Amino acid sequence: MRLITWNINSVRARLDIVSQLIKTYDPDILCLQETKVQDQMFPTGFFEEHGLPHLAIHGQKSHHGVATASKKPFADSYKIDWCEKGDARHIAIKLAEGPTVHNFYVPAGGDEPDPAINDKFAHKLQFLEEMTDWSAGLEGDHILVGDLNIAPYEDDVWDHKKLLKVVSHTPVEVDAMLKLIDAHGWQDIMRDFVPKDEKLYSWWSYRAKDWSAADKGRRLDHVWTSPGLKGTPTAMQVLRDARGWVKPSDHAPVMVDLDL
């Protein structure tokens, strides 16, 4: 099974590069975040035409939104309302003969890493705490993917010391993510294939004039699996070239092949 996760930053605005991705890499399951479209306006026909007719979508106007498209039908789908805010930040599909795939878009957290003065950062920490409690109670096999908006390790960012006070790499966020990982024994698939002491990014800011040459990236996108799926991933690749496609997202897709 080939799974790709991608923060597309408005699916309707970037259908051309979604088409390019599907034609080039032929995913069995495509998980998109930040789709920015209400469910009734989601481009379902586009995905049907591209061989991914089975859809689980959770969207809202102008903000957030997640969608999972599959070649094959799935047994069930559901969503969780994290922090009871009504935000479209999660969708899950239960594969007919396989694990449940969770597609997440974790809050970015704003600019100031202080929950006392920044409600967005407080929301992010609450979201992670709820994910941790949920993970501790999970049974069976699960795959968790998406834009989790945290780069947990030193070599997940271009400069560890400079980013220690920058939201996405602050110690409080990193500690929260590591507790989340431990709660279920999640396997960090990207770091199974690329050692923790090697640079690994999935996001490059739009602000950089030449993002590739500057290479000031962060690993904000993740693929995790339950302990019971240990050994099933056979390949992983950050599709960095897609960051340079016409009218790109600021995220690159992450592709994982699994032998399920």
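Quick note: structure is the one above.
Described in the following lines is the structure provided in the data block. (Residues numbered from 1 in each chain as written. Predicted model: local features only at pLDDT ≥ 70, side-chain atom pairs only at ≥ 80, totals over all residues. Heavy atoms only, no water.)

Across its full length, the chain holds six helices and 14 strands. For the chain, the C-alpha radius of gyration of 17 Å lies close to 18 Å, the compact-globule estimate for 260 residues. C-alpha extents for the chain along the principal axes are approximately 45 × 45 × 35 Å. By the burial criterion, 55% of the 260 residues in the chain qualify as buried. A separation threshold of at least 6 residues defines the contact pool for the chain, and within that pool the share at least 24 residues apart is 67%. Within the structure as shown, the chain displays about 11600 Å² of accessible surface, and the carbon and sulfur contribution to it stands at 47%. Considering the chain, the positive charge centre built from 30 side chains and the negative charge centre built from 40 side chains are found 6 Å apart. (Helix = DSSP H or I, 4+ residues; strand = E, 2+ residues; numbered from the N terminus. Rg over C-alpha atoms; globule rule 2.2 N^0.38 Å. Buried < 20%, exposed > 50% of the residue type's maximum accessible area, 1.4 Å probe, protein only. Contact = heavy atoms within 4.5 Å. Areas by Shrake-Rupley, 256 points an atom, 1.4 Å probe, with all protein chains shown as cover. Lys, Arg positive; Asp, Glu negative; His and termini not counted. Charge placed at Lys NZ, Arg CZ, Asp CG, Glu CD.)

For the rest of this paragraph, the subject is unusual backbone geometry. One non-glycine residue, S62, lies in the positive phi region at around 70°. In this fold, S62 is placed in the loop between β3 (54-58) and β4 (66-70). On the basis of relative accessibility, which here comes to 45%, the residue S62 falls in the partly exposed class. Positive phi, normally seen in glycine, also occurs at C83, with a value near 60°. Look at C83 and you get buried, because its relative accessible area is 9%.

Okay, helix α1 (residues 15-25) next. Inspection of α1 places I17, V18, S19, L21, I22 and Y25 among the buried residues, and these make up the whole buried set. Looking at the residues trailing α1, positive phi occurs at D26, about 50°.

On to the packing of aromatic side chains, then. Tallied over the full model, the rule gives 12 aromatic pairs. Ring geometry for F104 versus F127: centroids 6.5 Å apart, planes at 80°, classification edge-to-face. With F104 in strand β7 (residues 100-105) and F127 in helix α3 (residues 119-136), this pair connects stretches of sequence that are 23 residues apart. With respect to burial, F104 and F127 carry one shared label: buried. Connected via pairs of aromatic rings, a cluster forms that spans W82, F104, F127, W134, W186 and W224. The side chain of K216 reaches across the aromatic face of W158, ending 4.6 Å from its centre. (Phe/Tyr/Trp six-rings, centres within 6.5 Å; stacked < 30°, edge-to-face > 60°. Lys NZ or Arg CZ within 6 Å of the ring centre and 35° of its normal.)

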